[in-house]
Amino acid sequence: MSRRKQIYEGKAKILYEGPEPGTLVQYFKDDATAFNAQKKAVLDGKGVLNNRISEFVMMRLAEIGIPTHFIKRLNMREQLIKKVEIIPLEVICRNVAAGTMAKRLGMEEGTKLPRSVVEFCLKRDDLGDPLISEDHIHTFGWATPGELDEMIAMTLRINDYLQGMFGGIGIKLIDFKIEFGRLDVQMDNGVTAHQVILADEISPDSCRLWDRETDRKLDKDRFRRDLGEVTEAYTEVATRLGILKEANNKSAPKLSVVSNDD
């Protein structure tokens, strides 16, 4: 196997140069981090599960017209993706008060919000990814007004779809974090324009997912709060989605693939 050029390494993924211009290979690590990487661990199989779950979600979103960076899954840990310029914002959509919102506003965790709330954080690990306003985004030019409108509209549409998708398998979508990128698109008149598309991943690392009947957490909060059984919870999400077959030993992901594209 030829050695690939590494472009970037984050807390949970590595990006490599892709096989064709305008592409990257996204590798999902088993590393788990929380509290701005102050808490770290390696959870065997987590990267494989996030790869499969994010693939599944990205493909479903593409079917309803959400443009994404996902091209195809290459193997159990890697995806081929479009190379984009990441917009330096984390977009958070909240349906239920949990995590930092519950603490910040003094709300009881689990309180259903009157309407979905979209928040923005600046992607700056050294600053702790601070919460920012739309005025900050406009003032400092992190995104144009048009791009911001597109991101908000897509986020709310993604939220509607994911609530229905997870609700159908007995899971409540509490909140989620997504990122967007700019993709260069050649117009008919020869001018190059920026298209805003969904990037990064959507998985239990970036969503809060609670069992509808018991409120049992099936997401990264199991790691943040030392609840244990992190990969078991991720495996349960993948199994309910139909990505994985039911395994006899649920203590580890038995990645028996339902789809036939391996």
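Here goes a summary of the coordinates provided.

Conventions adopted
Residues numbered from 1 in each chain as written. Predicted model: local features only at pLDDT ≥ 70, side-chain atom pairs only at ≥ 80, totals over all residues. Heavy atoms only, no water. Pairing = 2+ DSSP bridges. Helix = DSSP H or I, 4+ residues; strand = E, 2+ residues; numbered from the N terminus. Axes fitted to C-alpha atoms, helices over the stretch in contact; angles between N-to-C directions. Parallel < 35°, antiparallel > 145°, perpendicular 65-115°, else oblique. Left-handed = near helix turned anticlockwise from the far one by under 90°. Contact = heavy atoms within 4.5 Å. Core = buried A, V, L, I, M, F, W, Y, C linked by side-chain atoms within 4.5 Å. Buried < 20%, exposed > 50% of the residue type's maximum accessible area, 1.4 Å probe, protein only.

## A short note on the sheet that holds strand E1 (residues 6–9)
Part 1 of the argument: In space, the 5 strands of this open sheet follow the order E1-E2-E3-E7-E6, with antiparallel pairing throughout. Of all strands in the sheet, those bounded by a partner on one side alone are E1 and strand E6 (70–73). Across the sheet, the axes of successive neighbouring strands diverge by a mean angle of 25°, strand direction being ignored.
Part 2 of the argument: Here strand E3 (residues 23–28) pairs with strand E7 (residues 78–82) via 5 bridges, running antiparallel. Residue glutamine 26 lies in a different strand from E7, and its bridge partner there is glutamine 79.

## Quick word on the packing of helix H1 (residues 46–63) against helix H6 (residues 230–240)
Part 1 of the argument: At a minimum axis separation of 10 Å, H1 and H6 run at an interaxial angle of 25°. Considered as vectors, H1 and H6 are oriented roughly parallel to each other. Classified by chirality, the crossing of H6 by H1 is left-handed. Across the interface between the two elements, Lys46, Leu49, Asn50 and Ile53 from H1 touch Thr231, Tyr234, Thr235, Val237 and Ala238 from H6.

## Re the nonpolar core
Part 1 of the argument: The biggest cluster of nonpolar side chains holds 48 residues, and the ones touching the most others in it are Met151, Ile158, Phe166, Phe180, Leu198 and Ile202.
Part 2 of the argument: Per element, the largest residue contribution to this core is 8 residues, and it comes from helix H4 (residues 145–167).
Part 3 of the argument: For isoleucine 202, the residues in contact, after removing those within four places along its chain, are Ile53, Ser54, Val57, Met58, Leu61, Ile158, Leu162, Ile178 and Cys207.

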